[in-house]
Amino acid sequence: MRKLILPLLFLFATAALAQQPGCLWWGYHHADDVPENFLGISKPLVYEAAIHVSGAEAPTQGATISAVRLPFYNAEHIDSLTLWIASDLEQAPLVSIFAGKPQAGWNVISLSPIAVPAEGLYVGYTFKVTDLDGMSERPLIMCNEYSEGGLWLRIAGMKQYADWYNTKRYGSLAMQLEMQGPGFSEHAASVDAIRSNNVVANTSDSLQVMFSSYGTEAVSSLQYAYAFGNETFKGSYSLQKPLPRVYGIQAFATLPLQAPQATGRLPLSFQLTGLNDNGNTHALNTASADVLSLQRKAHHRTVMEEYTGTWCSACPRGFAGIARLKKAYPDDFIAVSVHVLNGDPMDVYYDYYYVMNATLFPSCRFDRGDLTDPYDGDFTDGHFHADLNFLAANAILAPADMSVEAQWTEGNLCNIQSTVDFVFDDDECRYSLAYVMIEDSLSGPDDDHKWHQMNSFSDPSMAYYTEDDMQQYVNAEGTMLHGVNYNDVVTTMSDVRGIDGSLSGPQRVGIPMTHSYQLQLPAISQNKANIHIVALLIDKQTKRIANAAICPVVTPEAVQSVAVSQQRREQRYDLQGRPADTQKGLLIVRQADGTVRKQFIH
């Protein structure tokens, strides 16, 4: 057992110790919870692990340590816990405290304050694994910060770790030290990122801020200032729960924001000016972003691009997720089902490759945001959560209203015309259009196994999918579904990254832009009456879908009278004002009521 050299006062506990004034928890783990990140060797041996605390660099330079908290996820088979502090790993420790058997969670040990010298200190702990279970096989709790001083390890009985071994390969120990010193400020927080939804001019909105606290005072309120060009504002926000005193702890806040009176693409500058009505001493307390200030709110339709396959046994939950979103949000949700790979008869992998970027199936993106699951969303509990991802994407204000029309020609060509009505002015149009043809009720002969849908939900291990819309798959016989009608299937498309030149600036509020395009009826199609065209508005900078529209494809007979009427009340001109009925390119269209719009003839 290590020898106690300095006189000590210590307290062993499993709850969080009431911190001393002017102190915070410092370590490589910048959070208040015990992380679920485990390391071990699956043998009942004695572990010795430590971190190195620098005495030559801020913030620990000149600091003192008054307590240590050690994490265990499950301590049933852990014993003989000993905390120790040493100036050299090969020499006797300066401090050694035998604590005995730990408990699950944080185990806090307080001690008489010990100063961190210029050469630094090693703070470590020793414990014995008495038996093996799921947790004692990997008893060290780690975090994902990789540092030269984050993990020193010695395990008697293991050749590789018989001597002290320093590695950052596995991350850093999640232990934390209660510290105070000149390197720690009372009120300090950095601004890590800001994101503002597009705003409607002169209305109340919100600003999403990610920040990290480094102060020795718990954060209960934020004070901030922001500007849109020459328009400046101030605000204050109270956190629902004070942020604990943990060095580098990160938090997310949705702050009230007043939109500017001006419209257009505006630079937003933000500063976190104060904490708890005091100043903010952190140097990195500012951030900036571009925000679209819109004249009015446009109708936003959010697109789910789902990646699926008949060969994918987990993909039936995508059917259920899409059906549920269609029913709940019929006017705001559009689904396109991208079948790919492994002999799927509806495969469009090579046409969708450059935007798909998915290796898990089923998976999806809402408006080409982060990859998620079309039923589970970001959870794995067998319940429907994809609506949360949809609502987050749909809450982003669209930069334009959209509509699309489509009709068949005699040669099975689909003539498409889309209209984009922007709600802010910009001298440069930074958007392009793309088109996707989708078809419902595609099916194949029962003797062709490529059309059968693999289904893993009939396995008893998947019984935790208990919601009604999943029961047809949970209660199915066998692992293959027959007679499936596949809906929203992508059958052909333009360049889904956006068609070059499809929209060009300047864009002006009240002057819609139109674009014409053609798609050929694909060989996979089975019924023209089940076909729809989805028009996508692509942000060329972010690569995300900014808005969308959907329409059925009608026959020439159904639109003939409308087309004749439109010819009579519309006149087309080129950019020099000359009549241009058949010319291709960018045209100006003047209607009978005097309104004008731009049209691009492809």
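Everything quoted here is computed from the prediction, not taken from an experiment.

Novice: Can you help me understand the overall build of the protein in this one?
Specialist: Secondary structure summary: the protein contains five helices and 39 strands in total. The buried share among the 602 residues of the protein stands at 51%. Sequence-distant contacts in the protein: of pairs separated by 6 or more residues, those separated by 24 or more amount to 75%. For the protein, the exposed surface amounts to about 27,400 Å²; the carbon and sulfur share of it is 49%.

Novice: How should I be thinking about the sheet that holds strand β9 (residues 121–129) in this particular structure?
Specialist: Consider a sheet: its strands pair through backbone hydrogen bonds, and that pairing is either parallel or antiparallel. Strands sit in the order β7-β6-β9-β4-β11-β12 across an open sheet of six strands; the sheet is antiparallel. The strands lining the two open edges of the sheet, one partner per strand, are β7 (95–100) and β12 (165–166). Taken together, the seven bridges between strand β6 (residues 78–86) and β9 define a ladder with antiparallel strand orientation. Opposite Ile78, over in β9, you have Val129 as the bridge partner.

Novice: Which parts of the structure should I look at to understand the pairing of strand β17 (residues 204–213)?
Specialist: Each regular strand displays side chains that alternate between the two surfaces of the sheet. Relative to β17, strand β15 (residues 189–196) is paired through seven bridges, and the arrangement is antiparallel. By the bridge assignment, Ala193 is partnered in β17 with Met210. Note: β17 against strand β20 (residues 249–258), ten bridges, orientation antiparallel. Residue Ser206 lies in a different strand from β20, and its bridge partner there is Pro256.

Novice: Would you mind showing me how to read helix α1 (residues 316–328) here?
Specialist: One turn of the α-helix equals 3.6 residues, which is why residues spaced by three or four share an orientation. Under the 1.5 Å per step criterion, the end-to-end length of α1 is 19 Å for 13 residues, consistent within 8% with the ideal 18 Å. Regarding α1, the residues found buried are Pro316, Arg317, Gly318, Ala320, Gly321, Ile322 and Leu325.

Novice: Looking at this structure, how should I read the sheet that holds strand β10 (residues 140–143)?
Specialist: Taken together, the three strands give an open sheet; going across it, the order is β3-β10-β13, and neighbouring strands pair in antiparallel fashion. Among the strands making up the open sheet, the edge pair consists of β3 (38–39) and β13 (172–173). Inspection of the sheet shows β10 paired to β13 by two bridges, in the antiparallel sense. Paired with Cys143 across the two strands is Ser172, which belongs to β13.

Novice: I would appreciate a short explanation of the nonpolar core in the present structure.
Specialist: Considering soluble globular proteins, one finds that nonpolar side chains tend to be buried as a cluster. Of all hydrophobic cores here, the largest spans 54 residues; its most connected members are Tyr352, Phe366, Val436, Val490 and Leu536. At five residues, the largest contribution of residues to this core is made by strand β25 (residues 333–339). Dropping the residues within four chain positions of it, Val436 is found in contact with Val336, Tyr352, Val490, Thr492, Met493, Val496, His532, Ile533, Val534 and Leu536. Membership of the second largest hydrophobic core comes to 45 residues, among which are Tyr28, Ala63, Val123 and Leu140.

Novice: Help me out: how do you make sense of the layout of surface pockets in this one?
Specialist: Empty space among the atoms becomes visible once a probe the size of a water molecule is rolled across them. When its volume is computed, the second largest pocket comes out at roughly 750 Å³. In this structure, the second largest pocket is lined by 32 residues; those nearest its centre are Ser196, Asn198, Ile396, Asp539 and Thr542. Elements represented by at least two residues in the lining of the second largest pocket include exactly β15, β17, β23 (286–294), α3 (386–394) and β36 (545–554). The residue makeup of the lining of the second largest pocket, split by class, is 15 nonpolar, nine polar and eight charged.

Novice: I would appreciate a short explanation of the state of the cysteines in the present structure.
Specialist: Chemically, a disulfide is nothing more than a covalent bond linking the sulfur atoms of two cysteines. In the structure shown here, the tally under the stated rule is one disulfide. Shown here is the disulfide that connects Cys312 with Cys315, its sulfur atoms set 2.3 Å apart. Taking the sign of the S-S torsion, about 90° here, the bridge from Cys312 to Cys315 comes out right-handed. In this structure Cys551 is a free cysteine whose sulfur lies 7.3 Å from that of Cys414, the closest cysteine sulfur available. Cys551 sits in the buried class, given a relative accessible area of 6%.

Novice: What am I meant to see in the environment of Ala56 here?
Specialist: On the secondary structure map, Ala56 appears in the loop between β4 (46–53) and β5 (64–72). Taking the C-alpha atoms as reference points, Ala56 and Ala118, 62 residues apart in sequence, are found 5.2 Å from one another. Those residues within four positions of Ala56 in sequence are excluded, and the remaining contacts are Gln61 and Ala118.

Novice: When you look at the packing of aromatic side chains in this model, what are you seeing that I'm missing?
Specialist: Geometrically, a pair of aromatic rings is defined through the distance of the ring centres and the angle of the planes. Tallying each qualifying case throughout the model produces 33 aromatic pairs. Their ring planes at 25° and their centres at 5.8 Å tell us that Tyr125 and Phe127 sit as a pair that is stacked. Both residues of the pair, Tyr125 and Phe127, belong to the buried class. Taking 6.0 Å as the distance between ring centres and 80° as the angle between the ring planes, the aromatic pair formed by Phe319 and Tyr486 counts as edge-to-face. Here Phe319, found in helix α1, pairs with Tyr486, found in the loop between β32 (480–481) and β33 (489–493); they are 167 residues apart in sequence, far enough to count as distant. With relative accessibility at 2%, the residue Tyr486 sits in the buried group. Directly above the ring of Trp106 sits Arg69, whose terminal nitrogen or CZ lies 4.3 Å from the centroid.

Novice: Where do I start with the side chain of Thr126 in this structure?
Specialist: Considering the arrangement of structural elements, one finds Thr126 in strand β9. Among the polar contacts made by the side chain of Thr126, one reaches the side chain of Trp84 at a distance of 2.9 Å.

Novice: Any chance you could explain α3 here in plain terms?
Specialist: Burial in α3 covers these residues: Ala386, Asn389, Phe390, Ala393 and Asn394. What you see down the axis of α3 is that its buried residues fit within an arc of 125°, all on one side. Summarising the contacts, the buried residues of α3 are in contact with β24 (302–308), α1, β25, β26 (363–366) and β27 (371–372).

Novice: How should I be thinking about the pattern of salt bridges in this particular structure?
Specialist: Between side chains of opposite charge, a pair can form as their charged atoms come close. With the rule as written, the count across this model stands at 14 salt bridges. For Asp469, the salt bridge identified is with Arg324, shortest N-O distance 2.9 Å. Of this pair, Asp469 sits in the loop between β31 (453–454) and α4 (471–474) while Arg324 sits in helix α1; the two residues are 145 residues apart in sequence, bridging distant segments of the chain. Asp495 is paired through a salt bridge with Arg497; the nearest N and O atoms lie 3.1 Å apart. Since its relative accessible area comes to 33%, Asp495 is described here as partly exposed. Residue classification places Arg497 among the partly exposed positions, given a relative accessible area of 46%. Connected through shared salt-bridge partners, Arg296, Asp401 and Asp421 make up one network.

Novice: Explain the environment of Asp539 to me, please; I cannot follow it from the model alone.
Specialist: By secondary structure assignment, the location of Asp539 is in strand β35 (residues 531–539). Distance in space between the C-alpha atoms of Asp539 and Arg430 is 6.3 Å, their sequence separation being 109 residues. Once residues within four sequence positions are removed from consideration, Asp539 is found in contact with Arg430, Tyr431 and Arg544. A polar side-chain atom of Asp539 sits 2.9 Å from the main-chain amide nitrogen of Gln541. Among the polar contacts listed, one links the side chain of Asp539 to the backbone nitrogen of Thr542, at a separation of 3.2 Å.

The rules behind these values
Residues numbered from 1 in each chain as written. Predicted model: local features only at pLDDT ≥ 70, side-chain atom pairs only at ≥ 80, totals over all residues. Heavy atoms only, no water. Helix = DSSP H or I, 4+ residues; strand = E, 2+ residues; numbered from the N terminus. Buried < 20%, exposed > 50% of the residue type's maximum accessible area, 1.4 Å probe, protein only. Contact = heavy atoms within 4.5 Å. Areas by Shrake-Rupley, 256 points an atom, 1.4 Å probe, with all protein chains shown as cover. Pairing = 2+ DSSP bridges. Expected span 1.5 Å × (residues − 1). Core = buried A, V, L, I, M, F, W, Y, C linked by side-chain atoms within 4.5 Å. 1 Å grid on protein atoms, 1.4 Å probe; cavity = no way out; pocket = protein on both sides within 12 Å on 5 of 7 lines; lining within 4 Å. Points joined across faces, edges and corners; volume = space filled by probe spheres on them. Nonpolar A, V, L, I, M, F, W, Y, C, P; charged D, E, K, R; others polar. Disulfide = S-S within 2.5 Å. Phe/Tyr/Trp six-rings, centres within 6.5 Å; stacked < 30°, edge-to-face > 60°. Lys NZ or Arg CZ within 6 Å of the ring centre and 35° of its normal. Polar contact = N/O pair within 3.5 Å; in protein donor to acceptor, adjacent residues only side chain to side chain. Arc of directions from axis to C-beta. Salt bridge = Lys/Arg side-chain N within 4 Å of Asp/Glu carboxyl O.

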